[in-house]
Amino acid sequence: MNETICAISTALGVGAISIIRISGEKSIEIVNSIFKGKDLTKVNSHTIHYGYIIYKNEIIDEVLISIMKGPKTFTTEDIVEINCHGGISTTNKILEILLTNGCKLAEPGEFTKRAFLNGRISLLEAESVSDLINSETEKSRTLSINGVTGNISNMIKNIKDKLLPISANIEVNIDYPEYEDAILLTNKLIKPVVEEVKQDLEKLLQESKNGKIIKNGIDVAIVGKPNVGKSSLLNAFLEEEKAIVTNIAGTTRDIVEGKYNLDGIILNLIDTAGIRETEDVVEKIGVNKSKEIIEKSDLVIFVLNYNESLTEEEINLIKELENKNMIVYINKNDLDKQIEVELINNKNIVYGNTKNISNLEELKNKIKEIFNLEQIDTKNMNYLSNSRQISLVNRAILALDNCLEQIENNVEIDLLAIDIKECYDLLSEIIGEAYNDELLDEIFANFCLGK
Amino acid sequence: MKYDVIVVGGGHAGCEASHAAAIMGKKTALVTANIKNIGDMPCNPSIGGTAKGIIVRDIDALGGLMGIVADKSHFQIKMLNNGKGPAVRSLRAQADKVTYPKIMLESLQNTKNLDIIEGMVEDLIVENNTIKGIVLEDNKKILCKALILTTGTYLRSKILIGDKNKLEGPHGERRSKYLSKKLKELGFDIIRLKTGTPQRIDKKTIDFSKLKEELGDNEYLTFNIENEVFYNIEEQEKCHLVYTTEKTHKIINDNLNKSAMYGGYAEGVGPRYCPSIEDKIVRFKDKERHQLFLEPESKYYDDIYIQGFSTSMPEEVQEQMVHSLPGLENAKILKYAYAIEYDAINPLQLKPSLETKVIDNLFTAGQINGTSGYEEAAGQGIVAGINAVRKIDNKKAFVLKRNESYIGVLIDDLITKGTKEPYRMLTSRAEFRLLLRHDNADLRLRKYGYEFGLISKEKYDKLIEKEENINKLINYLKDNKINKKNITPVILNVMNIDSIETGTNLYMFLKRPEISIDLLLKENIIPEIYDKEVYNQVEIFIKYEGYINKELKEVEKLLKLESKQIPNDIDYDKVHNLASEARQKLKNVMPTTMAQAARISGVNPSDLSILSIYLKKEYNKNE
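Residues numbered from 1 in each chain as written. Chains lettered and ligands numbered in written order. Predicted model: local features only at pLDDT ≥ 70, side-chain atom pairs only at ≥ 80, totals over all residues. Heavy atoms only, no water.

*Asks:* Help me get a handle on the overall build of chain A, residues and values and all.
*Replies:* Along the backbone of chain A there are 14 helices and 14 strands. Split into buried and exposed, the 451 residues of chain A put 50% on the buried side. The contacts of chain A with a sequence gap of at least 6 include a subset with a gap of at least 24, amounting to 64%. (Helix = DSSP H or I, 4+ residues; strand = E, 2+ residues; numbered from the N terminus. Buried < 20%, exposed > 50% of the residue type's maximum accessible area, 1.4 Å probe, protein only. Contact = heavy atoms within 4.5 Å.)

Written out as structure tokens, the structure reads:
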């Protein structure tokens, strides 16, 4: 049997009310044991009750309790929600009490996982809901909600509808070769349709890159030799009140040092170990790690000092990173100039001084400019927002590429039909119209089913 | 009297079923109401066609009769879709309606262990839900261990011409009155289907000078895999093409309410894929004309069949319709077109072996299962024959997979999706048609035929040799190069270049669109030491390797899903959150694997996830 799980389901420390959600067989019983008010085990489903959370005879908080009995709940299990006062310490205290009384802390996305496993929501909805839960800004929330309401589905359906007449026509040509009832398709006639669909998909993919930025933020690697002022730059960002959290443990990234909300887009700021040639084994690991981080990042901020000459390593590294989005941040511009700016082959040079926060504005503007953030419009978002969907679109495009190549090779239409069908099936999979057993297997590999 | 296997019905399903059972060593009886109608072709005078031709090849590969009998009896043969890829090429022969049944009857009469009995079956003997035998009209009982019903359109059949109807089967034969009632009593779900056939015209009254000729191919072609030829290319008969006219369409539109179908005189559901001419005109109003093919039925009599003109109009309207066609202004109609209604069983009540779920050891094949077409019937017939024998011998059922044969696709569709209209095979029904080619039927299926004793050791050895030669040739092509030294001016010319710099192996070289294996043979780049068929197979394999691999990858996915069994004791009411339509469909079909469940229309991906999760939770507990 599934354990009863609980978690704070509102953003901690934001807003006047926090909600703690509990799901599982024992949720009502557990909450009832710490609640002073009505006997919650005897109330009707889908009702709200006023009372107090009591622990060791002490009133912890004045609360409203929502009782929702399964199966008509999000997880299909019994769910209790505690509306408590929003302070971090009170909310955490109640959570602690629940944990001591037999609840288990929910893993990220576990409510959604249960909703899916209990057949309450489809895989596609699960994906969207989990995107929604994990979204950190209003922009990304809009994106996730669009995913749920099916804008993407409609768009993909429209693209599929362009392929369907071609497939159907090919089939008629094959099955009724001697009949003139359908026009005889030729490679020449198929080509423009395939090209059009490919363009649609490429556009979707391009827009989805923006979607990714909205949802996951921009990974920014701060790079530079040791003691150049990387940490000062990071701190300058984080000292601003918009900084959200520092040192988030347990995320998939190795060293997210901080997050910064840049007009609704999250910057994931990552400090890297100083990069320089070294023989020291321990330091080498750090350097390799840094290189990996740089590789994966969306943006590199290369920190240099105004009052120092460029080193050979710096010049080489700047050259190496030519193809990446990069801003060269020249720090300490209040000191005497030593740096050979003319050697830096990069148009995004920003001068500043991390001692003075206002200098960050120029840096922020540069970031907005590079990612075209002003142009990103969440209102009419039709973006694919997760990597599974994006990889399916990529595969669909590959199938069309193959089709176009074979059209040039004069391959027969019944074979082109294979590529077209592959593309069609992949698109169906994105919107949950095709069953993919592997996907489910993957979920089973990651989810521990209660046996 | 007692037999191992009794087959009721002498149509295309019955012929293959009884032949297979007898060859496999079982004492077999073929019971038919009229011996003269064995192997009869009551509708079109052709065997094969798109997809259907591949079924005939598959039957031949398994050791059945249809291919060789068609080879011996046709007067025209052609390869359809020759301009398209190898996957969709398919043979069609104009089989002589006199010769085909004659040769089929002879073949059956010469089959060891097989008795042919004339008689009308009116009752079934069932004990403990197991079939035990049949009762003939004269009350004679014949016992058996397994029974195969291949009753075609004869169950409660009704002939419809306009508002008139006759309670009889094709050719005015007596229909079976009581058998479908009996089946209903036993628990079968009886459905009513309809099909139709066009007019037959007196050849002497047609002005062929106005019509376009349709000729056979100029190359020797056979259904039989041994490539034994029984005809002369030069002596093939012609077919002709004719178009409907504006006048034809007006006549039909003006008389629509007199048609049995549109006048509301018919209750059966007809096939969308083989519509009547009134259907075509109503549904495709914008089409100015429809094609019709005039096909001779036999060398021995004058009937010409009008392919595409099937109708259930009254006789006087048919006269007008036929005379509105160019060249047929003075044509004499020898037989009027008619629609025929008949009873069939709901194929969802069948197992993949074609044994019924309702009565043990009772098998059904052909039109009784809701299909249309000689080839579809014969394909089921051979499978039912094989499985009746295997059931008696307590062996595992022989089930062809969707990636192995069109017959597998056919049976799986029937038992998974059921059918509301007569089911006709189409290439588009097969998802792996590049694997299910005309040319590789032997490579796909001969091994099974040999295993069951339907294919001789000699033929099997030939197959093994062919497989070996294919591998040898592929290795040769991989190991040898084309380069500056051996390339010839002809090849350079074909490639439109002056010279090649770097060599490449012949395997990769053959992938170039302009290079064929024929060219390499002619230019002596590769030795001519194998059968033509070996070169052909290797060329297809190399040229289409990318696409073949795509399909093989899909097959792999399918087989993985096929391996996920659904226990037959599953209670779908206990699977929470299934959509109600999906729950109902799953209960009806009772799929045996997740793959089969996935193919049921109305069972959506979310239902499949739920089912899959349920299976994991409920049945993997003890792992």
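The rest of the description comes next.
*Asks:* Requested: an account of the overall build of chain B, with residues and values cited.
*Replies:* Summing up its helical and strand segments, chain B has 20 helices and 22 strands in all. The globule rule puts the C-alpha radius of gyration for 623 residues at 25 Å, and the 26 Å found for chain B is close to it. In terms of overall dimensions, chain B has C-alpha extents of about 80 × 75 × 50 Å along its principal axes. In chain B, which comprises 623 residues, the share counted as buried stands at 60%. Contacts in chain B between residues at least 24 apart in sequence constitute 72% of all its contacts with a sequence separation of at least 6. About 25600 Å² of surface is accessible on chain B, with carbon and sulfur atoms providing 47% of the total. Taken together, the 92 basic and 88 acidic charged side chains of chain B have centroids lying 4 Å from each other. (Rg over C-alpha atoms; globule rule 2.2 N^0.38 Å. Areas by Shrake-Rupley, 256 points an atom, 1.4 Å probe, with all protein chains shown as cover. Lys, Arg positive; Asp, Glu negative; His and termini not counted. Charge placed at Lys NZ, Arg CZ, Asp CG, Glu CD.)

*Asks:* Give a description of the pairing of strand β5 (residues 90-95) of chain B that names residues and reports values.
*Replies:* Residue and element names in this part refer to chain B. Of all 6 residues in β5, 6 are buried; the element is thus mostly enclosed. The alternating pattern of β5 places Ser90, Arg92 and Gln94 and Leu91, Ala93 and Ala95 on opposite faces, both of which are buried. As paired elements, strand β3 (residues 46-48) and β5 share 3 bridges and run antiparallel to each other. Of the residues in β5, the one forming a bridge with Ser46 is Gln94. Bridging between strand β4 (residues 74-80) and β5 involves 6 bridges; their strand directions are antiparallel. Among the inter-strand pairings, Met79 is bridged to a residue of β5, identified as Leu91. (Pairing = 2+ DSSP bridges.)

*Asks:* Let's hear about the interface of chain B and chain A: which residues, and what values?
*Replies:* Chain B puts 48 residues into the contact, and the matching count from chain A is 40 residues. Glu178 of chain A is the partner of Arg92 of chain B in a salt bridge, and the nearest nitrogen-oxygen pair spans 2.7 Å. Here chain B is connected to chain A by 13 residue pairs in polar contact (both at pLDDT 80 or more). Mapped by element, the contributors of at least two residues to the side of chain B that touches chain A are β4, β16 (291-296), α17 (545-562) and α20 (605-619) of chain B. Among the elements that make up the side of chain B that touches chain A, the one with the highest residue count is α20 of chain B (9 residues). Taken together, the residues of the side of chain B that touches chain A sort by class into 17 nonpolar, 14 polar and 17 charged. (Salt bridge = Lys/Arg side-chain N within 4 Å of Asp/Glu carboxyl O. Polar contact = N/O pair within 3.5 Å; in protein donor to acceptor, adjacent residues only side chain to side chain. Nonpolar A, V, L, I, M, F, W, Y, C, P; charged D, E, K, R; others polar.)

*Asks:* Report on the pairing of strand β8 (residues 218-223) of chain A, specifying residues and quantitative values.
*Replies:* Residue and element names in this part refer to chain A. With 6 of 6 residues buried, β8 is to be regarded as a mostly interior element. Side chains Ile218, Val220 and Ile222 project from β8 onto one buried face, and the interleaved Asp219, Ala221 and Val223 project onto a second face that is buried too. Relative to strand β11 (residues 265-271), β8 runs parallel, the two sharing 5 bridges. Residue Val220 lies in a different strand from β11, and its bridge partner there is Leu269.

*Asks:* Any chance you could break down the confidence of the model for chain B for me, citing the residues and the numbers?
*Replies:* Segments scoring low in pLDDT should not have their predicted coordinates read at a detailed level. In the predicted model, chain B carries a mean pLDDT of 93, and 99% of its residues have values of at least 70. As scored by the predictor, the complex reaches a pTM of 0.80 and an ipTM of 0.86. (pLDDT = per-residue confidence, 0-100.)

*Asks:* Report on the packing of aromatic side chains, specifying residues and quantitative values.
*Replies:* In this description, a pair of aromatic rings is defined by centroid distance and the angle of the planes. Counted by the stated rule, this structure contains 9 aromatic pairs over all chains. When the centroid spacing of 5.3 Å and the interplanar angle of 55° are considered together, the rings of Phe398 of chain B and Tyr448 of chain B count as tilted. Residue Phe398 of chain B is located in the loop between α9 (374-392) and α10 (406-417), and its partner Tyr448 of chain B is located in helix α11 (residues 441-451); the two are separated by 50 residues in the primary sequence. The exposure classification of Phe398 of chain B matches that of Tyr448 of chain B, with both residues buried. Aromatic pair Tyr530 of chain B and Tyr535 of chain B: ring centres 5.9 Å apart, planes at 50°, arrangement tilted. Classification of Tyr535 of chain B as buried rests on a relative accessible area of 4%. Just above the ring of Tyr424 of chain A sits the side chain of Lys160 of chain A; from NZ or CZ to the centre is 4.7 Å. Between Arg429 of chain B and the ring centre of Tyr423 of chain B, over which it is positioned, the NZ or CZ distance is 3.9 Å. (Phe/Tyr/Trp six-rings, centres within 6.5 Å; stacked < 30°, edge-to-face > 60°. Lys NZ or Arg CZ within 6 Å of the ring centre and 35° of its normal.)

*Asks:* Describe the pattern of salt bridges, listing the residues and the values that go with them.
*Replies:* A pair can form between side chains of opposite charge whenever their charged atoms are brought close. Residue and element names in this part refer to chain B. Summed over all chains, the structure comprises 57 salt bridges over all chains. Put simply, Asp303 and Lys335 hold a salt bridge, and the shortest N to O gap is 3.3 Å. Residue Asp303 is located in strand β17 (residues 303-307), and its partner Lys335 is located in strand β18 (residues 333-335); the two are separated by 32 residues in the primary sequence. Connected via shared salt-bridge partners are Arg402, Asp412, Asp413, Lys417, Glu431, Glu562 and Arg599.

*Asks:* Any details on the nonpolar core? Residues and values, ideally.
*Replies:* Counting 98 residues, the largest nonpolar core has Ile6, Ile47, Tyr100, Ile134 and Leu147 of chain B as its most contacted members. Broken down by element, the residue count for this core peaks at 10 residues, all from α9 of chain B. Looking at this core, you find at least three residues from each of domain 1 (2-195 + 342-451) and domain 2 (200-340) of chain B. Ignoring sequence-local partners within four residues, the contact set of Leu147 of chain B consists of Ile6, Val8, Leu124, Ile131, Ile134, Asn361, Leu362 and Phe363 of chain B. Counting residues in each nonpolar core, the second largest holds 68 residues, with Leu204 and Leu392 of chain A together with Leu434 and Val589 of chain B among its members. (Core = buried A, V, L, I, M, F, W, Y, C linked by side-chain atoms within 4.5 Å. Domains from an automatic or database assignment.)

*Asks:* Hey, could you go over the sheet that holds strand β19 (residues 338-345) of chain B for me, with residue numbers and the actual values?
*Replies:* Residues and elements named next belong to chain B. A sheet is described by the order of its strands in space; here 4 strands give the open sequence β11-β10-β19-β12, paired in antiparallel fashion. Edge positions in the open sheet fall to β11 (164-166) and β12 (190-197), since each of these has one partner strand only. Across this sheet, the average inter-strand angle for adjacent strands is 25°, counted without regard to direction. Pairing of β12 with β19, which is carried by 8 bridges, proceeds in the antiparallel orientation. Each bridged residue has a counterpart across the sheet, and for Ile190 the counterpart in β19 is Ile345. (Axes fitted to C-alpha atoms, helices over the stretch in contact; angles between N-to-C directions.)

*Asks:* For the side chain of Asp217 of chain B, give the residues involved together with the corresponding values.
*Replies:* Residues and elements named next belong to chain B. Within the secondary structure, Asp217 sits in the loop between β14 (212-214) and β15 (239-243). Buried charge without a salt bridge: Asp217, with Lys78 as the nearest opposite-charge side chain at an N-O distance of 5.7 Å. Only 2.7 Å separates the side chain of Asp217 from the backbone nitrogen of Met79, close enough to count as a polar contact. Residues in contact with Asp217, not counting those within four places in the same chain, are Ile77, Lys78, Met79, Asn82, Ile233 and Gln236.

*Asks:* Please provide a residue-by-residue account of the confidence of the model for chain A, values included.
*Replies:* Residues and elements named next belong to chain A. Here chain A averages 78 in pLDDT, while 75% of its residues score no lower than 70. Overall, residues 241-254 carries pLDDT values under 50, and its contacts beyond four positions in sequence, including any with other chains, amount to 22 contacts. Contacts of residues 443-451 to residues separated by more than four positions or lying in other chains number 16 contacts, the stretch itself having pLDDT below 50.

*Asks:* Describe the packing of helix α1 (residues 12-23) of chain B against helix α4 (residues 99-109) of chain B, and please don't skip the residues or the numbers.
*Replies:* In a pair of packed helices, the angle between the axes and the distance between the axes together describe the arrangement. Residue and element names in this part refer to chain B. It is at 11 Å that the axes of α1 and α4 come closest, and there the two elements cross at 20°. As summarised for this structure, α1 and α4 are arranged roughly parallel, according to the angle between their axes. For the crossing formed where α1 meets α4, the hand is left-handed. When α1 is examined against α4, the residues His12, Cys15, Ser18 and His19 are found in contact with a partner set consisting of Tyr100, Met104 and Leu108. A breakdown of the residues in the contact of α1 with α4 according to their chemical character gives 4 nonpolar, 3 polar and no charged. (Parallel < 35°, antiparallel > 145°, perpendicular 65-115°, else oblique. Left-handed = near helix turned anticlockwise from the far one by under 90°.)

*Asks:* Describe in detail the environment of Glu523 of chain B, supporting the description with residues and values.
*Replies:* Residues and elements named next belong to chain B. Here Glu523 is to be found in the loop between α15 (517-522) and α16 (532-543). It is 9.4 Å that separates the C-alpha atoms of Glu523 and Pro489, two residues lying 34 residues apart in sequence. Excluding anything up to four places from it in sequence, Glu523 contacts Thr488, Val490 and Ile491. In terms of polar contacts, Glu523 uses its side chain to reach the side chain of Thr488, at 2.7 Å.

*Asks:* Outline unusual backbone geometry, listing residues and values.
*Replies:* Cis geometry is adopted by the peptide bond preceding Pro71 of chain A, which originates at Gly70 of chain A and carries an omega value of 5°. With respect to the element layout, Pro71 of chain A can be found in the loop between β5 (58-68) and β6 (79-85). A positive phi is found at Leu354 of chain B, a non-glycine position, where the angle reads about 80°. Tracing the chain through its elements places Leu354 of chain B in the loop between β19 and β20 (362-364).

*Asks:* Quick one: what's the story with the packing of α1 of chain B against α9 of chain B, residue by residue and with numbers?
*Replies:* Residue and element names in this part refer to chain B. For the pair α1 and α9, interaxial distance at closest approach is 7 Å and the crossing angle is 30°. Accordingly, the angle class assigned to the pair α1 and α9 is roughly parallel. Two packed elements cross with a definite hand, and for α1 against α9 that hand is right-handed. Across the interface between the two elements, His12, Ala13, Glu16, Ala17, Ala20 and Ala21 from α1 touch Tyr374, Ala377, Ala378, Gly381, Ile382, Gly385, Ile386 and Val389 from α9. In terms of residue class, the contact of α1 with α9 is built from 10 nonpolar, 3 polar and 1 charged.

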